[in-house]
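Inside the fold
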Amino acid sequence: MPIIIDHLTYSYGDAGADEKKALDDISLTIPDGQFVGIIGHTGSGKSTLMQHLNGLLKATSGHIYFDGQDIYDKDYKLKELRSRVGLVFQYPEHQLFEIDVFSDVCFGPKNLGLSKADAEYRAFNALRSVGMPEELYYQSPFDLSGGQKRRVAIAGVLAMEPKVLILDEPTAGLDPKGRDEILGLIKSLQTQKNMTILLVSHSMEDVAEYVDRILVMDAGRIKMDGTPREVFHRYRELEEMGLAAPQVTYIMQGLLEKGYEVDGDCTTVAEAADEIMKLFRRG
Amino acid sequence: MGRRDMLRDITLGQYYQTESVIHKLDPRVKLAGTLIYVITIFFYKNFLGYALAILFLAFVIRLSHVPFRFMVKGMKAILFLLMVTVLYNLFLTPGTPVFTLGKLHITKEGTGIAVSMALRLSLLVIGSSLLTLTTTPNNLTDGMEKGLRFLKIFKVPVHEIAMMMSIALRFIPILLEETDKIMKAQMARGADFESGNLIVRAKAMVPLLVPLFVSAFRRASDLAMAMEARCYRGGEGRTKMKPLKYHGRDYLAYLLLLFFMVFSIWAGRLKLPMLTI
């Protein structure tokens, strides 16, 4: 079932002069199994929007429908929502607290009221899907490397078996290898488990490479909504918002300006390489 | 969400940025002034003293350009304490009863004490939050360091204490934000901080407290490293970029404070039949 966001507004501060709208009249439909990238500079409302989707923040006005139900209905169970919409915060490794990796991953499913056996089964599955080697299951999470910690934290959310996974800059502070691993893992969750993924990111390259659809946020509003090609085609507008297109798009635009016949809207290195090879073959 | 608002409501130790004479005063004056004010209000024996103290505070608040609602925010935190104190004194002070409710008596003496206690507590909180609202934490500890320098004779590590205090103050908002973040992250994993009895709730705090301590230690060691990288080695021979210096307005403020203390204590201890507590 899709997620439908209907005229969502969230303001904070006192009503009147101090009032600030972190989200301003947002309407949006996210179909099942889509990989959505959300970009916007700091303070554009990305994280605020994400926190609404699993009920951590309650909108000032507007509605969110999940599985056809309004999550602001009085008898709607937020706990159920949180089991279906997994939210991975920025630097999720900061939430680890248990004595060993395995118990930490069990925390989520246990909170859902599952039996010990069920919770452990889910924890095993989650740890396997993030590719943690088994010999680390019973080590303290604080002894792991940065990338491993992050994978444990993501497993902690996956163990709740959500249908929708929201990640707030999951690659911040990781080295290129760790970054590719995490993004590859996220992509495989979409393709293999048909999960809906929402990825907040500052890296245009990452977004261009992996997502099906990009939402551009600025000052609490959605300014653009489309495929990476459509969005990055408007890179001049993005620059005005303090964002940019992937570097490779600039290279292709540069070639275009110099009079080479290439597709200026390439967003990934692979696409651009193909285009340039075509150019060479044509002579 | 209620908890988040609660965290935001703690004004004690929060600076309100604006231009005013009070903001510009030397922190030593403000520290001494707060101390004098707090001590003075314990000397009153009649309501005239309190009236003067309220007037004086209103005057200073007016000068400080800090909106009054910021002071009231601090009051919210002690509302419960205030109510208990008032009710306790109102009903349990022996004396001439003026009103009886079953077994409970409200006495004339009790009313006086209850009102004066409530006034004292409120003035205390508002007075001290005025200090932190108009002085940056850095200035405050600078003032403390310089004002208490004489304690060095007794081998009190004044500089180190002041440095620790300023770091602690600096970390309050950071840790509050961190608490909020971790709390949300655990709630997203189904943690429940609000239901259950006391023991259940205390247990529910573990997933919040462990990461919070870990992060506090991490931040502390990062900070220590950064300080050492800049050759920090304690107060010995350390100079200030902006040394504290008294100006004309500071001497005037001392004079006013002294006058307020003497005059209001004198007035507050007059034997006034109508206004005596």
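All of the points below concern the structure found in this document.

Below, the discussion takes up the interface of chain A and chain B. Counting from both sides, the interface comprises 25 residues of chain A and, opposite them, 21 residues of chain B. Across the chain A/chain B interface, buried area totals approximately 2,000 Å², and carbon plus sulfur atoms make up 60% of it. Counting the surface chain A buries against chain B, the share from its top three residues, His94(A), Gln95(A) and Phe97(A), is 28%. For the interface between chain A and chain B, the tally reads one salt bridge. A salt bridge links Asp104(A) to Arg189(B), with the nearest nitrogen and oxygen atoms 3.1 Å apart. The interface formed by chain A and chain B includes five residue pairs in polar contact (both at pLDDT 80 or more). Elements with a contribution of two residues or more to the side of chain A that touches chain B: α2 (78-84), α3 (101-111) and α5 (146-158) of chain A.

Glancing now at the pairing of strand β8 (residues 196-200) of chain A. All names here are of chain A. Burial analysis of β8 places five of its five residues in the buried class, which makes it a mostly covered element. Of the two faces of β8, the one lined by Thr-196, Leu-198 and Val-200 and the one lined by Ile-197 and Leu-199 are each fully buried. Here four bridges tie strand β3 (residues 35-39) to β8, and the two strands are oriented parallel to one another. From the neighbouring strand, Val-36 faces β8, where its bridge partner is Leu-198.

Within the largest apolar cluster, 49 residues are counted, with the highest numbers of intra-cluster contacts made by Ile39(A), Leu165(A), Val216(A) and Phe232(A). Sorting elements by how many residues they give to this core places α5(A) first, with six residues. If you look at the next biggest cluster of nonpolar residues, it comprises 44 residues, including Met50(A), Phe66(A), Val164(A) and Ala191(B).

Calculation criteria
Residues numbered from 1 in each chain as written. Chains lettered and ligands numbered in written order. Predicted model: local features only at pLDDT ≥ 70, side-chain atom pairs only at ≥ 80, totals over all residues. Heavy atoms only, no water. Contact = heavy atoms within 4.5 Å. Buried area = accessible area lost by both parts, 1.4 Å probe. Salt bridge = Lys/Arg side-chain N within 4 Å of Asp/Glu carboxyl O. Polar contact = N/O pair within 3.5 Å; in protein donor to acceptor, adjacent residues only side chain to side chain. Helix = DSSP H or I, 4+ residues; strand = E, 2+ residues; numbered from the N terminus. Buried < 20%, exposed > 50% of the residue type's maximum accessible area, 1.4 Å probe, protein only. Pairing = 2+ DSSP bridges. Core = buried A, V, L, I, M, F, W, Y, C linked by side-chain atoms within 4.5 Å.

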